[in-house]
Amino acid sequence: MTKTTNRRMMAEWEPQSMVQLTWPHKDTDWAPILPEITAVYEEMVREIAKREPLLIVAPEGLASHLSPLTSHLLTFTSNDTWARDHGFITVLEQPTANSQKPKAILLDFCFNGWGEKFEAARDNAINRHLYDQGLVRGTYEDHLDFVLEGGSIESDGKGTVFTTTCCLMAPHRNQPLTQAQIEERLKQYLGTERVVWINHGSLIGDDTDGHIDTLVRICPNDTLLYIGADADHPDLLAMEEELRTLRTLDGRPYRLLRLPLPRPIYDEPSGPVLGSSAAEKGDRLPATYANYLVINGAVLVPTYAQPDLDAEALRTIALAYPDRDIVPIDCRPVIRQHGSLHCCTMQYY
């Protein structure tokens with residue numbers, strides 16, 4: 001299988017045409033905290049809509065309420081709301097003539113609930129409905145025989161894609177394909193020159209088997225933002241050492257910016273609480289500052305009501321994006337379903 005050389009997966013900070021949200025509703029796992037999670041989504045809508053168009057997928061009962069908030073609306077009942085993983089992945093195909101503009105290719109991969117952990121048939125049908133109703137622009141490309149989630153890959157826009165071994169090689173994804181065969185498909189579908197496999201790093205409570213967007217993010221000027229940790233998290237320390245050995249396509253070391261790891265947050269019936277002997281009976285939630293969203297003119301950053309660490313994360317992300325607004329959004333409700341802000345969204349170009 002040969003690499004497709006005339007296409008390119010963009011970097012998230014390149015100009016976007018819109019952002020997709022798949023709205024929480026009563027038939028999702030959000031039902032017990034629907035008012036709280038809806039408030040977070042409404043805050044995301046306010047911040048995104050200031051800067052670019054919005055595409056919202058929502059069931060019939062919410063359509064009339066959401067229609068004034070969005071540029072594009074698909075009425076469709078989803079299994080869940082993780083647009084990052086069931087949404088289209090966009091690449092640009094370079095023109096054959098100088099007078100032509102790059103053409104958007106909408107890659108529709110299989111989303112199978114992170115290795116068949118959760119029902120996802122309706123989520124997996126959203127892209128085709130979006131395309132058939134003309135709500136997204138580009139050429140549709142069917143790759144539903146290959147499992148790939150948007151949160152599992154990061155692109156620098158110039159030939160390098162990052163991913164994690166623990167996710168793409170996890171059970172019930174693409175067996176019996178080997179790592180080399182999966183890499184060859186990524187190169188062909190995404191138009192990338194190389195795939196960087198991160199072999200260390202994980203968050204307790206993560207359902208995704210180690211999505212790269214919870215751990216390491218590629219930023220402009222060959223910068224990597226990553227989650228740091230102390231000796232209590234040896235796998236994250238090993239990831240940090242691994243990042244120090246990486247080089248860009250032209251052989252230079254990356255600029256590394258270390259994000260703090262939020263203090264442990266546990267899920268309790270009354271809501272997320274910081275670690276304590278009582279709370280340790282609940283599930284630890286995979287809070288991470290790496291799960292931010294870059295949009296036109298801004299970066300939306302998850303926060304967790306930990307003022308010192310929240311402030312440190314915002315300052316660090318501002319170093320990577322000095323020309324953008326840095327906007328905090330309290331994501332404690334979001335992590336109750338084991339995701340965060342980036343997981344809820346998908347950008348288009």
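Criteria and thresholds
Residues numbered from 1 in each chain as written. Predicted model: local features only at pLDDT ≥ 70, side-chain atom pairs only at ≥ 80, totals over all residues. Heavy atoms only, no water. Helix = DSSP H or I, 4+ residues; strand = E, 2+ residues; numbered from the N terminus. Rg over C-alpha atoms; globule rule 2.2 N^0.38 Å. Buried < 20%, exposed > 50% of the residue type's maximum accessible area, 1.4 Å probe, protein only. Contact = heavy atoms within 4.5 Å. Lys, Arg positive; Asp, Glu negative; His and termini not counted. Charge placed at Lys NZ, Arg CZ, Asp CG, Glu CD. Phe/Tyr/Trp six-rings, centres within 6.5 Å; stacked < 30°, edge-to-face > 60°. Lys NZ or Arg CZ within 6 Å of the ring centre and 35° of its normal. Pairing = 2+ DSSP bridges. Expected span 1.5 Å × (residues − 1). Arc of directions from axis to C-beta. Axes fitted to C-alpha atoms, helices over the stretch in contact; angles between N-to-C directions.

K.L.:
Whenever I open this one, the overall build of the protein confuses me. Can you help?
P.N.:
Check the secondary structure of the protein and you find ten helices and 20 strands. Taken over C-alpha atoms, the radius of gyration comes to 19 Å for the protein, in line with the 20 Å a tight globule of 349 residues would show. Every one of the 349 residues in the protein was classed for burial, and the buried ones make up 58%. Across the protein, contacts joining residues at least 24 apart in sequence account for 72% of those joining residues at least 6 apart. A gap of 5 Å separates the mean positions of the 32 positive and 49 negative side-chain charges of the protein.

K.L.:
Just checking my understanding: could you explain the packing of aromatic side chains for this structure?
P.N.:
Describing an aromatic ring pair means giving the distance of the ring centres and the angle of the ring planes. Counting across every chain of the model gives twelve aromatic pairs. Ring centres 5.9 Å apart and planes at 90° place the aromatic pair Phe-162 and Tyr-254 in the edge-to-face group. Taken together, the positions of Phe-162 in strand S9 (residues 160-164) and Tyr-254 in the loop between helix H8 (234-245) and strand S13 (255-259) put the pair 92 residues apart, joining distant regions of the chain. On the basis of an interplanar angle of 75° and a centroid distance of 6.1 Å, the ring pair of Tyr-292 and Tyr-321 is categorised as edge-to-face. One end of the pair, Tyr-292, is in the loop between strand S16 (283-284) and strand S17 (293-295); the other, Tyr-321, is in the loop between helix H9 (307-320) and strand S19 (325-330), and 29 residues separate them in sequence. Under the relative-accessibility criterion, Tyr-292 is labelled buried at 0%. Look at Tyr-321 and you get buried, because its relative accessible area is 1%. An aromatic cluster of three or more residues is present, and its members are Phe-88, Tyr-131 and Tyr-140. Positioned over the ring face of Tyr-140 is Arg-128, at 4.2 Å from the centre of the ring.

K.L.:
Help me understand the pairing of strand S20 (residues 345-348) in this model?
P.N.:
The side chains of a regular strand alternate between both faces of the sheet. Burial of S20 is two-sided: the residues Thr-345 and Gln-347 facing one way and the residues Met-346 and Tyr-348 facing the other way are all buried. In this structure, strand S2 (residues 18-22) lies alongside S20, joined through four bridges in antiparallel fashion. Bridge pairing in S20 links Met-18 to Tyr-348.

K.L.:
Is there a simple way to explain H9 in this structure?
P.N.:
The periodicity of an α-helix, 3.6 residues per turn, causes residues three or four positions apart to be oriented the same way. Between its first and last C-alpha atoms H9 spans 20 Å; for 14 residues at 1.5 Å apiece the expected length is 20 Å, and the two agree. The complete set of buried residues in H9 reads Leu-309, Asp-310, Ala-313, Thr-316, Ile-317 and Ala-320. Along the axis of H9, the buried residues cluster in a sector spanning 130°; they form a single face. Pointing more than 90 degrees away from the buried face of H9 are the exposed residues Pro-307 and Arg-315. Turning to H9, the residues buried within the fold contact strand S11 (216-219), strand S12 (223-227), S13, strand S18 (298-303) and S19.

K.L.:
What's the story with the sheet that holds S20 in this structure? I'm lost.
P.N.:
Hydrogen bonding along the main chain pairs the strands of a sheet, whether they run parallel or antiparallel. Taken together, four strands build an open sheet; the order of strands is S4-S3-S2-S20 and the sheet is mixed. Pairing within the sheet leaves two strands with one partner each, and these edge strands are strand S4 (72-75) and S20. For this sheet the average axis-to-axis angle between neighbouring strands, irrespective of direction, equals 20°. In this sheet, S4 lies alongside strand S3 (residues 54-58) in parallel orientation, the contact comprising four bridges. Looking at the pairing, Ile-56 lines up with Leu-73 of S4. Packing against the sheet, helix H1 (residues 34-49) makes contact with S2, S3 and S20, and its axis sits at approximately 170° to S2.

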